[in-house]
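# Structural characterization, general
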Amino acid sequence: MSRRRSPLAWIAVALLMAVIVFVVTVRSLRHKSTPPEAIGPRVQRVRNLFTEIYGARTASGIIVFDAGVDPAGDALDRLLGGLSATRSDVKEVFLTHGHFDHVAFAPLCAHAKIRVGAGDVEFLAQRAPVYGTFGVKTLNALFPVPPVIATDPLQGRTEIGAGDDKVLAIPVPGHTPGSYVFVFAGIMFAGDSINIDGDKLTYAMPSFTVDKEENRRSVAALGEALKGVEVQTICTGHQGCTATGRAPAMLAALIERAKSGK
Ligand SMILES: [Zn+2]
């Protein structure tokens, strides 16, 4: 006697197949990147699937802001092509936070210092569970990345020399405990802590942020932390950069909003 599968079993098989096809597709897509684009005279930007990565040349070598979602490094090589450099030229990798979609190629930069906020070091190294919402954890499972060992954890507001240049690192806990923004050559690299919403800036995306109130407080504190620091452009983790000349007014408006508690 032949056993018939129930309709429910067929639905389960179809769902499983759909999940497998989805996972295979997104994993192959993560090597995708756009051609390098200049952001101002010094910085190159590449979009790696849904995450932005940025790099610049300094007298002491290449510095990179965030490390995308591609552990094979195709997106890194594309960024470096725009800077006429190779992987061994990368001397600094600044990670705005430890989430999977901002860190994937960091281990490929073997000659670089890897800097991330101290609060993200443990989950970045995969010695602690991922800090994040259900959305972050689900996507993290779909896009597994290798453990990343931070060689130089960041604590407090600090300046890091890079050749004749410097990178200002400002802690902005909230999106993750170790979230930072970095300022280099008049550009702020904000990761996921600040987003662009049309002609306005806004906070970290609520569905991927555990402590939204701490993110707001960190944004409010940026007014003080940025005293005397020029920021002409803000570059985000997923939405590219503000239009030329717009960042100062947009940032001032967001800081005022954050200070008022809204
Ligand atoms: Zn994130």
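Note that this is a predicted model, so its numbers are computed, not measured. (Residues numbered from 1 in each chain as written. Predicted model: local features only at pLDDT ≥ 70, side-chain atom pairs only at ≥ 80, totals over all residues. Heavy atoms only, no water.)

### Re the state of the cysteines
- The final tally for this structure, using the stated rule, is one disulfide.
- Between the sulfur atoms of C235 and its disulfide mate C241 the distance is 2.2 Å. Its S-S torsion of approximately 105° makes the covalent link between C235 and C241 right-handed. Judged on exposure class, the residue C235 and its partner C241 are both buried.
- The closest cysteine sulfur to the non-disulfide-bonded C109 is located on C235, 19 Å from its own sulfur. (Disulfide = S-S within 2.5 Å. Buried < 20%, exposed > 50% of the residue type's maximum accessible area, 1.4 Å probe, protein only.)

### Some thoughts on the sheet that holds strand β1 (residues 37-39)
- On the basis of which strands lie adjacent, the open sheet formed by six strands has the order β1-β2-β3-β4-β5-β6 and mixed pairing. With one partner strand each, in any of the chains shown, β1 and β6 (113-115) form the two edges of the open sheet. For this sheet, the mean inter-axis angle between neighbouring strands, taken without regard to orientation, is 25°.
- Pairing between strand β5 (residues 90-94) and β6: three bridges, direction parallel. Residue pairing across strands places V93 opposite I114, the latter belonging to β6.
- In the packing of helix α2 (residues 74-81) onto the sheet, the strands contacted are β2 (43-48), β3 (51-58), β4 (61-65) and β5, and the crossing angle to β2 comes to about 155°. (Pairing = 2+ DSSP bridges. Helix = DSSP H or I, 4+ residues; strand = E, 2+ residues; numbered from the N terminus. Axes fitted to C-alpha atoms, helices over the stretch in contact; angles between N-to-C directions. Contact = heavy atoms within 4.5 Å.)

### Observations regarding the environment of E214
- Within the secondary structure, E214 sits in helix α5 (residues 212-225).
- Overall, E214 belongs to the partly exposed group, its relative accessible area being 23%.
- Along the sequence, E214 and P248 sit 34 residues apart, while their C-alpha atoms lie 22 Å from each other.

### Regarding the environment of A204
- Relative to the helices and strands, A204 resides in the loop between β12 (200-203) and α5.
- Measuring from C-alpha to C-alpha, the distance between A204 and I62 comes to 28 Å, with 142 residues separating the pair along the chain.
- The residues contacting A204, other than those within four sequence positions of it, are H175, D192, S193, N195, T209 and N215.

### Considering the pairing of β2
- Within β2, five of the six residues are buried, which leaves the element mostly enclosed by the surrounding structure.
- Sheet analysis places β1 next to β2, joined by three bridges and oriented antiparallel. Within β2, the residue paired with A38 across the bridge is Q44.
- The pairing of β2 with β3 spans six bridges and is antiparallel. Note on β3: the bridge partner recorded for V46 is I53.
- Taking the residues between adjacent antiparallel strands as the criterion, β2 and β3 are bridged by two residues, where L49 takes a positive phi near 60°.

### Focus: the coordination of the zinc ion
- Protein coordination at the zinc ion: the donors are H97 (NE2), H99 (ND1), H175 (NE2) and D192 (OD), at 2.1 to 2.4 Å from the metal.
- Geometry at the zinc ion is irregular, judged from its four donor atoms and the angles of 88 to 167° they form at the metal.
- All donors to the zinc ion come from one chain, and their sequence spacing reads H-x1-H-x75-H-x16-D. Highlighted residues: H175 in the loop between β8 (165-171) and β9 (180-184) and D192 in the loop between β10 (187-191) and β11 (194-197), separated in sequence by 17 residues. For the residue pair H175 and D192, the accessibility class agrees, reading buried in each case. (Donors = N, O, S within 2.8 Å, 3.2 Å for Na, K, Ca; no water. Tetrahedral: all angles 85-135°; square planar, octahedral: opposite > 155°, others 65-115°.)

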